[in-house]
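An overview of the molecular structure
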Amino acid sequence: MALTNRLQRGAFGYFRAYTNPLNGLVADTSRAGSPCSIAVVGFALSCQAVAVERGWCSREEAARAVLTTLEFFWDSPQGGGANATGNKGFFYHFLDMKSGQRVWDCELSLIDTALLIAGVLSVGQYFVRERPVERRIRQLAESLYRRVDWVWAQNDSPTLSQGWHPDYGFLHYGWEGYDEALLIYLLGLGSPTSPLSPRSFTTWTLTYQWERLLGQDVLYSGPLFTHLFPQAWIDLREIRDAFMREKRSDYFRNTCRTVELQREYCERNPRGFLGYGRDIWGLSAGDGPTMRASGECPSDQRHFGYMARGAPFGPDDGTLCPWAMMVTLPFTPEAALSGTRALLAEYPQACLEDRFASGINPTVDPESGGWLSEGWYGLDQGLLVMSIENARTQLIWSLLRGSTHIRRGLIRAGFRGGWLS
Amino acid sequence: MKSHDLVIVGAGPAGLAAAELAARLGARVALIERDRLGGTSVNTGTVPSKALIRLGTLFAAMREASHLRHPDGDEPVANFQRVAARLRAIEHRVGSFHSAERLRRAGVEVHFGVARFVGERTLVAGSRRLNFRNALVTTGARATPPSIPGLVEGSYVTSDTLFSLEHLPRELAVIGGGALGCELAQAFRRLGSRVTIFQDEPRFLPGEERDAAQILAQSMARDGVTIRLNTSVVSARREPNAVVLETQNNQHNAEARADLVLVSVGRTPATQGLGLDAAGIRMDAAQGIVVDKFLRTTNPRVYAAGDVCLPYRYTHVAERTARMAVGNLLGEGARQSHTNLTIPWCTFCAPEIAHVGLQAWEARKKNIPIRTFTVMMQDIDRAIIDRQDVGFVKLHVAGGSDTILGATIVASRASEMINEVCVAMSTGIGLRALAKVIHIYPSQSDAIRIAALALDEPLAPA
Ligand SMILES: Cc1cc2nc3c(=O)[nH]c(=O)nc-3n(C[C@H](O)[C@H](O)[C@H](O)COP(=O)(O)OP(=O)(O)OC[C@H]3O[C@@H](n4cnc5c(N)ncnc54)[C@H](O)[C@@H]3O)c2cc1C
């Protein structure tokens, strides 16, 4: 308990340190010059509710911070223009921390908007008191959600595209196979203003692949975050869509099996990476080294930098996400805790100031304890705070279980049973 | 002039297989070829590309070995004149099985020249006029030229022209991440070129499954191929010693220089100048000659087979469908349909990616319940011993039974391994029976047996 407390608090500290209090924007990483990632803002919003419940800040303080954020997103310009923050209710992936304008010529991102909007809905569910600030939070949360034009993002096709760029239009590829897009679909299906059709969801799920892999029956998606992002907000225990009914499983259980798959893979450790084992695992999206390694056969080794890694199909370059074990706490508590303890004992440098680095690669630079990602990434910290909270009190899950939008989204996606009954 | 029982246009694998069979059946048969016997397969496609890939594999093995050797040597780089000579020799040797001489001895009349229909029952080839009772069109396909502004003839090659190259390109740019583009990009990289591959989709091999494409991308990266996914080449210009490609991905415009550009953006059925109208044969620009399930065109006396009319553009499909067409034309038994063939295929990268039957997503689309059993090559002893342990075997069986509906194999010899699955599928051997077959230890194909064993194994606790 002490450990989870400490790590949850440590993770929350990121938002204290890397938020612009004037507009609520949160830096993507702790590195100098990092822009804001709208996805991190989504996590940060939900973390405010956790902070109040944990007594890390007052309800008023949290409400004011949340309101600042929501007002910024509601008031900032939408459209295809150069200084817009978003378009059609979606937002650009990266924004300038001060001005809020789009940076890096980035795209209007569906998944990152979904992560933001999930956070927005969670604070709309949390701040329910009849005070002007909280009332305003609820109004804005509702308005931000209603403004998103999900149907537009289908670009006249049955399924969703990945995003849109003001100069090049829609990215011409969509989502293939099971992954974090589940969250976008559920939010889009629940919209009262521009709802995706149930058909769009089932069409996407046609690309799912269920298989027996290392002794598990799984709906495979390699990187852990793809399972965990939707379930940071939405409680998928016991409820099932048509696919999961057919397979007699559910997304929650599938996540548990994915953890087992990763543990099994890391124990078998086919590439012989240092550190890997039944108790040190965690392949997900994270920072990694970019240099070539020296080894038995140098041309046979490559490192990928920031990348979504997965097991057993890869990519795998020996980089693990040190936070990725702890965030499975709501799913596989024993694996999460024993793994995290083993990691902290072996590689304490991966968790300075009680806050996990994005990636560690013990195989690269082994004399100095392995390659370590510099600083911290906001997404990891948000996921840690929320996952630990869901494991303890189910706070975020229960907030969104109360959202009529989420309920409608799930039902229209064909989910039945459990808490939906 | 007496009419021929059968006139065949095009002497690729389809035309040759058809001619040999028709002659064997006692028909009076003529074969017309405008270029070299053997077609794309022997001269500019399957054979030279696989020979090149084999040489690439040799160089990769030399590199692997040089790291085990003491002291370290230089990076091996191919002498391309010798490579080219070896390709010619291999083409010649494979081609000689179907020389004009041998064909004539077998009873086939061979004519060289460009053939064209001038009526429903007449073809001309050069100055020769041939009347036929039946004809078979097997003119194949050609590389589709690019439609990229500035990328004009002479500033790029396609697979049709690539294999006459005499020098190893220093910087090769490959446009197109389908099977041929990936195979050639990797082979040239292994021979010593610096290679960049541009693919305007988020992954390679859009027809294969996500995990296979993912593994291929990693393997190409490991070989040192520079990978540009989601990237379109939007224009090109020539500079004194290079072609400069302007590329665009979602966020960035960039330029890439290359001394050779290989365009691999698809194949177009070779129907130009064939005079199909004169014979009442309908065609479709993308799919080629329109045929029914018995391979008959809209002219009831004319059939087609191979790349010119079918979506599966492979040598083995060309040969098989050509024989089928001859059987349907000349045979006395029931006509055969090409639509229920079990067709395997393979992309010959390292690792190879082979597939047969249903894909998982096809099964889901058609609402066919399936179960999938996967074994990773990294868990197979032979693969570990050979250090060729990247990939997997995935077997799909019909839900509630052990009938195999499809398989994808990604492994260093997937092209050989998939044949075992094809045998099982074609003869109705189920997964349970396959699991009981004793396989050699250690062998790559033991992975198939191990995947099959999982059918009746209890799940691991989770
Ligand atoms: C780079 C490359 C790699 C490949 N690798 C493989 C592989 O590994 N495995 C595989 O199975 N397949 C592979 N293929 C595909 C394979 O080569 C083709 O599917 C096969 O050659 C098709 O046979 P075909 O007889 O239908 O046509 P072709 O082989 O194209 O033969 C058609 C013939 O018709 C002749 N012709 C055309 N028009 C006329 C005319 N008007 N008059 C007279 N003659 C004419 C042409 O000159 C040619 O000789 C590859 C193709 C390429 C380009």
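Each remark here, short or long, concerns the structure printed above.
Residues numbered from 1 in each chain as written. Chains lettered and ligands numbered in written order. Predicted model: local features only at pLDDT ≥ 70, side-chain atom pairs only at ≥ 80, totals over all residues. Heavy atoms only, no water.

**As for the interface of chain A and chain B**
Each side of the interface is counted separately: chain A has 48 residues, and chain B has 46 residues. Each partner contributes to the roughly 3,900 Å² buried at the junction of chain A and chain B, and carbon and sulfur atoms together form 46% of this total. Sorting the residues of chain A by area buried against chain B places Leu206(A), Arg212(A) and Phe313(A) first, and these three jointly supply 19% of that buried surface. Across the contact surface, chain A and chain B share four salt bridges. (Contact = heavy atoms within 4.5 Å. Buried area = accessible area lost by both parts, 1.4 Å probe. Salt bridge = Lys/Arg side-chain N within 4 Å of Asp/Glu carboxyl O.)

**What about the sheet that holds strand S6 (residues 163-165) of chain A?**
All names here are of chain A. On the basis of which strands lie adjacent, the open sheet formed by three strands has the order S5-S6-S7 and antiparallel pairing. The two strands at the open ends of the sheet, each matched to only one other strand, are strand S5 (108-109) and strand S7 (169-170). Note that S6 and S7 share two bridges and pair antiparallel. Along S7, the bridge assignment pairs His165 with Gly169. (Pairing = 2+ DSSP bridges. Helix = DSSP H or I, 4+ residues; strand = E, 2+ residues; numbered from the N terminus.)

**Here's the deal with the packing of helix H1 (residues 2-17) of chain A against helix H12 (residues 378-392) of chain A**
Residue and element names in this part refer to chain A. Two elements in contact, H1 and H12, have axes whose closest approach is 8 Å; the angle formed by their N-to-C orientations is 140 degrees. Taken as axis vectors, H1 and H12 run oblique relative to one another. Of the two possible hands of crossing, H1 and H12 adopt the one that is left-handed. Facing Thr4, Asn5, Leu7, Gln8, Ala11, Phe12, Tyr14 and Phe15 of H1, the residues of H12 in contact are Gly378, Gln381, Gly382, Leu384, Val385, Ile388, Glu389 and Arg392. Residue classes in the contact of H1 with H12 are distributed as eight nonpolar, six polar and two charged. (Axes fitted to C-alpha atoms, helices over the stretch in contact; angles between N-to-C directions. Parallel < 35°, antiparallel > 145°, perpendicular 65-115°, else oblique. Left-handed = near helix turned anticlockwise from the far one by under 90°. Nonpolar A, V, L, I, M, F, W, Y, C, P; charged D, E, K, R; others polar.)

**Examining the pattern of salt bridges**
Taken as a whole, this structure holds 42 salt bridges over all chains when the rule is applied. Notably, a salt bridge pairs Arg413(B) with Glu416(B), separated by 3.9 Å at the nearest N-O pair. In this structure Glu416(B) comes out as partly exposed when scored by relative accessible area, which is 48%. Via salt bridges that share partners, Glu211(A), Glu209(B), Asp211(B) and Lys394(B) belong to a single interconnected network. (Buried < 20%, exposed > 50% of the residue type's maximum accessible area, 1.4 Å probe, protein only.)

**Focus on the side chain of Arg364(B)**
Its place among the elements puts Arg364(B) in helix H10 (residues 360-365). Each residue touching Arg364(B), except ones within four places of it in the same chain, is listed here: Thr205(A), Leu206(A), Tyr208(A), Phe243(A) and Glu246(A).

**A look at helix H7 (residues 179-191) of chain B**
Residues and elements named next belong to chain B. Counted at 1.5 Å a residue, the expected span for H7 with its 13 residues is 18 Å, and the 18 Å between its end C-alpha atoms agrees. Judged by how many residues are buried, H7 sits mostly within the fold: ten of 13 residues are covered. Every buried residue belonging to H7 is among Gly181, Cys182, Glu183, Leu184, Ala185, Gln186, Ala187, Phe188, Arg190 and Leu191, and all of these are buried. Immediately downstream of H7, the backbone of Gly192 shows phi near 125 degrees, a positive value. (Expected span 1.5 Å × (residues − 1).)

**Focus: unusual backbone geometry**
With an omega of 0 degrees, the peptide bond running from Gly314(A) to Pro315(A) counts as cis. Relative to the elements of secondary structure, Pro315(A) occurs in the loop between strand S11 (307-308) and helix H11 (333-346). Here Ala350(B) and Pro351(B) are connected by a cis peptide whose omega angle stands at 0 degrees. Structurally, Pro351(B) can be placed in the loop between strand S19 (344-347) and strand S20 (352-357). Not every positive phi belongs to a glycine, and Glu353(A) is a case in point at roughly 55 degrees. With respect to the helices and strands, the residue Glu353(A) is situated in the loop between H11 and strand S12 (360-361). Relative accessible area serves as the criterion here: at 60%, Glu353(A) is assigned to the exposed category. In this structure, Gln394(A) is a non-glycine residue whose phi angle is positive, near 60 degrees. Along the chain, the position of Gln394(A) falls in the loop between H12 and helix H13 (395-401).

Fair warning: the whole summary comes from geometry, so function is off the table for now.
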